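Single-letter residue listing:
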Amino acid sequence: MTKDYNLKENPSFCMLGLLHTYVAPNGNVMPCCVGDMTKPPLGNINMVSSWEEIWNGEEYKEFRRRMIAGEKNPICSFCYDTEKFSDTSSRKWRNTQYESNYDYYMSQLLEDGSMTTNKLKYIDFRFSNHCNQACITCGHALSSSWYDLMQKLNIPPTSPKFIEPTDDTIAYQLIDDNLDSVDNIYFAGGEPMLSKYHWYTLDKLIEADRAKEIDLVYSTNCSTLKNKDKDVLEYWKQFKSVLIMASIDEVGDRFNYIRWPAKWDSVSQNLKKIHDCFEEINTEHNPTHKLCIAPVLSALNMHRLKEMVQEFLSIGIYQESNKYHPTFEYFLFTNLIRTPKHLNVMNIPQQHWEYVIRSLEEFETWYLDTVIPNASNPYKKQSIINSIEKIKEMRKIDQKDMDFFDYDGEDYLKHMEEYSKLDNVRNTDFMKTFPELEWLYK
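Keep in mind it's a predicted model, so treat the numbers as computed, not measured.

1. Thoughts on the sheet that holds strand 4 (residues 122-125)
On the basis of which strands lie adjacent, the open sheet formed by 8 strands has the order 3-2-1-4-5-6-9-10 and mixed pairing. The open sheet has two edge strands, strand 3 (43-44) and strand 10 (289-293), and neither has a second partner. With respect to the sheet, helix 13 (residues 264-281) is in contact with strand 9 (241-246) and strand 10, its orientation differing from that of strand 10 by roughly 150°.

2. Re the nonpolar core
By size, the foremost hydrophobic cluster in this structure holds 131 residues, and its most contacted members are Leu-216, Tyr-218, Trp-236, Ile-244, Leu-271, Phe-363 and Tyr-367. Broken down by element, the residue count for this core peaks at 9 residues, all from helix 16 (residues 350-371). Look past the residues within four positions of Ile-244 in its chain and what remains in contact with it is Tyr-218, Thr-220, Cys-222, Trp-236, Ile-274, Phe-278, Lys-290, Leu-291 and Cys-292.

3. Quick word on the pairing of strand 6 (residues 215-220)
With respect to burial, strand 6 is a largely interior element, 5 of its 6 residues being buried. Pairing analysis gives 4 bridges linking strand 5 (residues 184-187) to strand 6, with the strands arranged parallel. Each residue of the ladder has a partner; that of Phe-187, found in strand 6, is Tyr-218. In terms of handedness, the path from strand 5 via helix 10 (residues 196-207) over to strand 6 forms a crossover that is right-handed. Two elements, strand 6 and strand 9, share 6 bridges in a ladder whose sense is parallel. Directly across from Val-217, in strand 9, lies its bridge partner Leu-243.

4. Structural notes on helix 14 (residues 305-314)
Those residues of helix 14 that sit buried are Leu-305, Met-308, Val-309 and Phe-312. End-on, the buried residues of helix 14 take up no more than an arc of 95°, which puts them together on one face. Where helix 14 terminates, the next one or two residues include Gly-316, which has phi positive at roughly 75°.

5. Structural notes on the packing of helix 14 against helix 16
For the pair helix 14 and helix 16, the least separation of the axes is 9 Å and the interaxial angle reads 30°. One finds that helix 14 runs roughly parallel with respect to helix 16. Here Leu-305, Lys-306, Val-309, Gln-310 and Leu-313 of helix 14 lie close against helix 16, whose contacting residues are Leu-360, Phe-363, Trp-366, Tyr-367 and Val-371. When the residues that make up the contact of helix 14 with helix 16 are grouped by side-chain class, the tally is 8 nonpolar, 1 polar and 1 charged.

6. Quick look at helix 10
Taking 1.5 Å as the rise per residue, helix 10 with 12 residues should run 16 Å; its terminal C-alpha atoms sit 16 Å apart, in good agreement. Inspection of helix 10 places Tyr-197, His-198, Trp-199, Thr-201, Leu-202 and Leu-205 among the buried residues, and these make up the whole buried set. Where helix 10 is buried, its residues contact helix 9 (168-177), strand 5, strand 6, strand 7 (226-227), strand 8 (230-231) and helix 11 (232-236). Among the residues of helix 10, the N-terminal cap falls to Ser-195, whose side-chain oxygen and the backbone nitrogen of Tyr-197 are separated by 3.2 Å. Among the residues trailing helix 10, Asp-209 stands out with phi positive, at a value near 60°.

Conventions adopted
- Residues numbered from 1 in each chain as written.
- Predicted model: local features only at pLDDT ≥ 70, side-chain atom pairs only at ≥ 80, totals over all residues.
- Heavy atoms only, no water.
- Pairing = 2+ DSSP bridges.
- Helix = DSSP H or I, 4+ residues; strand = E, 2+ residues; numbered from the N terminus.
- Contact = heavy atoms within 4.5 Å.
- Axes fitted to C-alpha atoms, helices over the stretch in contact; angles between N-to-C directions.
- Core = buried A, V, L, I, M, F, W, Y, C linked by side-chain atoms within 4.5 Å.
- Buried < 20%, exposed > 50% of the residue type's maximum accessible area, 1.4 Å probe, protein only.
- Right-handed = clockwise from strand over helix to strand, strands pointing away.
- Arc of directions from axis to C-beta.
- Parallel < 35°, antiparallel > 145°, perpendicular 65-115°, else oblique.
- Nonpolar A, V, L, I, M, F, W, Y, C, P; charged D, E, K, R; others polar.
- Expected span 1.5 Å × (residues − 1).
- Polar contact = N/O pair within 3.5 Å; in protein donor to acceptor, adjacent residues only side chain to side chain.

This is the structure in structure tokens:
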């Protein structure tokens, strides 16, 4: 197969299969972070003595063989489903991003699917579920704070509070072995600021004098910017670029409910500190450090985009350098919630969906006329239009044709009852916080 065919026409080829890997807190290895976690992983770092056993293990080799042959793999169903209603996907984006690395990594790929190099360009190691928020859209697998909440709800945990490697050896070795090759790192969690592996990675890159060559990307709840005597703002100043995808799903009391026990007042102050720090670092024509509010869109907030952006503007965290990079508009589409399924766009009841559509259309008009009426980048306006249109198109897809975004068929009342139980142990009030969703109880 030719380079052009693989990068643009092969329906299953993805550069990430050659130069990237994702490791979950429980040790499971996937081709990337949007891999279908319900499918068998490509390995588990807690079950091997060396990374080579996974990287060139039978599962990874079979994955690469099928990828090259154009055979779709169930583990990549998220991208395949996305491509059914959109001309973009993570797979297509990464093929474009790493096109310049194609020749080298394909030269390292053997016929049996093994790689003669284990040097990665892009890493996403989430070695811990340590987190200080028990978000309503999350769970114990990615948040240690859910452990205590589950006990209060009399839900037996299936793993320890902190889910981390049983032996740090491979985890640290994976970091050390790629310090000289990596150029892009994605930190998520858990909460990265609470992870010892996050700080270890930054320290090692600075020590190796590689910080100015590294692009950092974060998915962070922005609840804290420090760890003991370490201030992440000072660290970020030393790196080539930093993109903060702030996990801010709402504002005010609604934020406090969704991301309990976080407090909006405290988090919004941290957002302002990040914004101001980045404005000092950036130059007009080289905005290397970007703060992007990246809400996880769900049934709880899709109708509230206008109110959310108004709050961001009022406290001064809408980064002006975004006029060069339409990141906020882009993430409106890419950050649609997948689980819990009853909150995703495919499953919300029709009555609610019609309400969401009206709200999205009103937001689009307001945003274009008020927030970016004179945007210097024409892609910025088009991006917001495209993102909202893709959300609508996704809803139209026949669910029987979707592998990843499937319908769970569960009764909404069941979930509302679960929220009532949460309210009892968290001292919160769903009905008071989301009065416009009262009909879901009836």
